[in-house]
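Chains, contacts and geometry: an overview
What follows is the residue order along each chain.
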Amino acid sequence: MELDHHQQEQYQEQYQDQQLRPQNFSDFIGQQNTVENLNLMLQSAQMENRPIDHILFAGPPGLGKTSLSMIVSSLQKGRVHLTTGPALTKKSDLASIVASLGSCDVLFIDEIHRLNLPIEEMLYSVMEDFRLDIILGQGTSARVMPMPVAPFTLIGATTKLGQISTPLRERFIGQYQFAFYTPFELKIIIQKNALKLKVNLSEESLDLLASCARGTPRVANRILRRVRDFVVVNKLKEVHLPHVKEVLRLLELGEQGLQRMDQKILFYMGDVLQGRPVGLEALASYLSEDKQTIEDVYEPYLMQIGFIARTPRGRVLTEEGKKYLRRISLKS
Ligand SMILES: Nc1ncnc2c1ncn2[C@@H]1O[C@H](COP(=O)(O)OP(=O)(O)OP(=O)(O)O)[C@@H](O)[C@H]1O
Ligand SMILES: [Mg+2]
């Protein structure tokens with residue numbers, strides 16, 4: 001099986017310790033509005049002794065969709081069933097999971113935008129009426145046999161909200177878009193995790209780490225783990241700016257956490273195309289990188305920090321992006 005960049009990241013993380021994954025709402029920093037809404041939904045569901053409404057979490061990789069799903073699940077009294085869109089290939093895959101659901105269980109479907117259509121259609125009545133329609137026979141003699149499903153909660157997570165069809169999307173009562181984290185929020189996350197990893201960071205190192213984490217807790221944790229290695233090997237009591245800079249150099253992370261691929265994108269748009277708009281196809285072929293990865297991983301952050309913008313004619317480099325290019329060309 002060929003893994004794309006995003007899947008590789010997720011697999012890597014599964015093998016690393018789960019030590020840094022937030023276990024409850026108080027460990028989960030940021031996404032405040034979403035957390036408030038979920039708290040309210042959970043409270044009312046508990047008071048009425050029913051599962052909370054179906055929830056959809058959307059946003060770029062590493063922002064906490066899975067973590068928050070697990071926290072919500074742990075607060076319901078049922079069990080959690082985990083699967084992913086691409087893992088459900090046959091209708092019977094979904095049918096057997098759905099048939100095994102108990103009252104107030106959570107079914108978590110990661111990458112829900114990758115469900116195939118027949119399975120997606122099967123989900124409609126399951127979600128809306130807690131009813132599984134089994135089709136017996138074929139053609140004109142086909143009959144529908146409805147089977148009741150225990151009241152449960154479906155939690156879907158996706159990095160591509162736009163690829164989810166309207167009928168499926170509308171069946172999620174709670175829909176939450178995850179935003180990139182502010183440097184302040186990242187500082188809190190890094191501080192908490194540094195404590196867990198027994199890394200003692202100076203204030204300036206903390207600031208620098210937060211500014212290079214691409215607004216993404218997963219990235220923050222990845223850098224922090226490398227800092228921990230550096231601390232262990234060099235027997236450091238406290239981490240200072242030069243240490244962090246050395247780790248960032250090793251990880252090939254530049255100013256604001258930009259990587260070589262980000263720099264290549266900016267260079268192509270600024271120096272090669274001289275600021276002319278570019279489409280995703282052309283960008284992907286110049287970088288020899290797949291379109292999906294550019295769209296999911298690199299572009300959202302470059303747009304977030306205002307270095308590139310999408311226009312009807314294509315992607316363009318912004319003034320900020322041009323300034324950055326001038327800065328790095330002065331340095332090299
Ligand atoms: N709000 C948060 N507070 C603290 N740590 C967080 C938060 N969000 C994410 N993390 C950390 O970042 C890691 C990645 O988060 P998570 O796996 O939940 O992201 P995701 O949105 O599901 O990503 P993907 O789209 O790749 O599945 C977690 O293991 C956790 O350590
Ligand atoms: Mg996830």
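Since the model is a prediction, treat every value here as computed from it, not as a measurement.

Some points on the domain arrangement of the protein
For the protein, the assigned domains read domain 1 (5-177), domain 2 (183-256) and domain 3 (258-331). Distance from the C-alpha centre of domain 2 to the C-alpha centre of domain 3: 26 Å. With eight residues of domain 2 at the contact, the number on the domain 3 side is twelve residues. A buried area of about 900 Å², summed over both sides, lies between domain 2 and domain 3, and 33% of it is on carbon and sulfur atoms. Contact with domain 3 buries area across many residues of domain 2, yet Arg-214, Glu-255 and Gln-256 alone supply 72% of it, more than any other trio. On inspection of domain 2 and its partner domain 3, the count reaches three salt bridges. For Glu-252, the salt bridge is made with Arg-260, and the minimal N-O distance between the two is 2.7 Å. Inspection of the domain 2/domain 3 interface yields seven residue pairs in polar contact (both at pLDDT 80 or more). Here the residues of the side of domain 2 that touches domain 3 sort into one nonpolar, four polar and three charged.

Some words on the pairing of strand β4 (residues 131-136)
As defined by bridge partners, β4 adjoins strand β5 (residues 143-148) across six bridges and the pair is classed as antiparallel. In the strand pairing of β5, Leu-132 is matched with Met-147. Counting the residues between successive antiparallel strands, the hairpin from β4 to β5 contains six residues, one of them, Gly-137, with a positive phi of roughly 75°.

Digging into the packing of helix α7 (residues 183-196) against helix α9 (residues 217-234)
Contact geometry of α7 with α9 gives a least axis separation of 10 Å together with a crossing angle of 40°. Considering their axes alone, α7 and α9 lie oblique with respect to each other. Crossing geometry of α7 relative to α9 is assigned as right-handed. Contact with α7, carried on its side by Leu-186, Ile-189, Ile-190, Asn-193 and Ala-194, involves Pro-217, Ala-220, Asn-221 and Leu-224 of α9 and no other residues of that element. Residue composition of the contact of α7 with α9, grouped by class: seven nonpolar, two polar and no charged.

Regarding the side chain of Ser-125
Relative to the helices and strands, Ser-125 is located in helix α5 (residues 117-129). With relative accessibility at 11%, the residue Ser-125 sits in the buried group.

Analysis parameters
- Residues numbered from 1 in each chain as written.
- Chains lettered and ligands numbered in written order.
- Predicted model: local features only at pLDDT ≥ 70, side-chain atom pairs only at ≥ 80, totals over all residues.
- Heavy atoms only, no water.
- Domains from an automatic or database assignment.
- Contact = heavy atoms within 4.5 Å.
- Buried area = accessible area lost by both parts, 1.4 Å probe.
- Salt bridge = Lys/Arg side-chain N within 4 Å of Asp/Glu carboxyl O.
- Polar contact = N/O pair within 3.5 Å; in protein donor to acceptor, adjacent residues only side chain to side chain.
- Nonpolar A, V, L, I, M, F, W, Y, C, P; charged D, E, K, R; others polar.
- Pairing = 2+ DSSP bridges.
- Helix = DSSP H or I, 4+ residues; strand = E, 2+ residues; numbered from the N terminus.
- Axes fitted to C-alpha atoms, helices over the stretch in contact; angles between N-to-C directions.
- Parallel < 35°, antiparallel > 145°, perpendicular 65-115°, else oblique.
- Left-handed = near helix turned anticlockwise from the far one by under 90°.
- Buried < 20%, exposed > 50% of the residue type's maximum accessible area, 1.4 Å probe, protein only.

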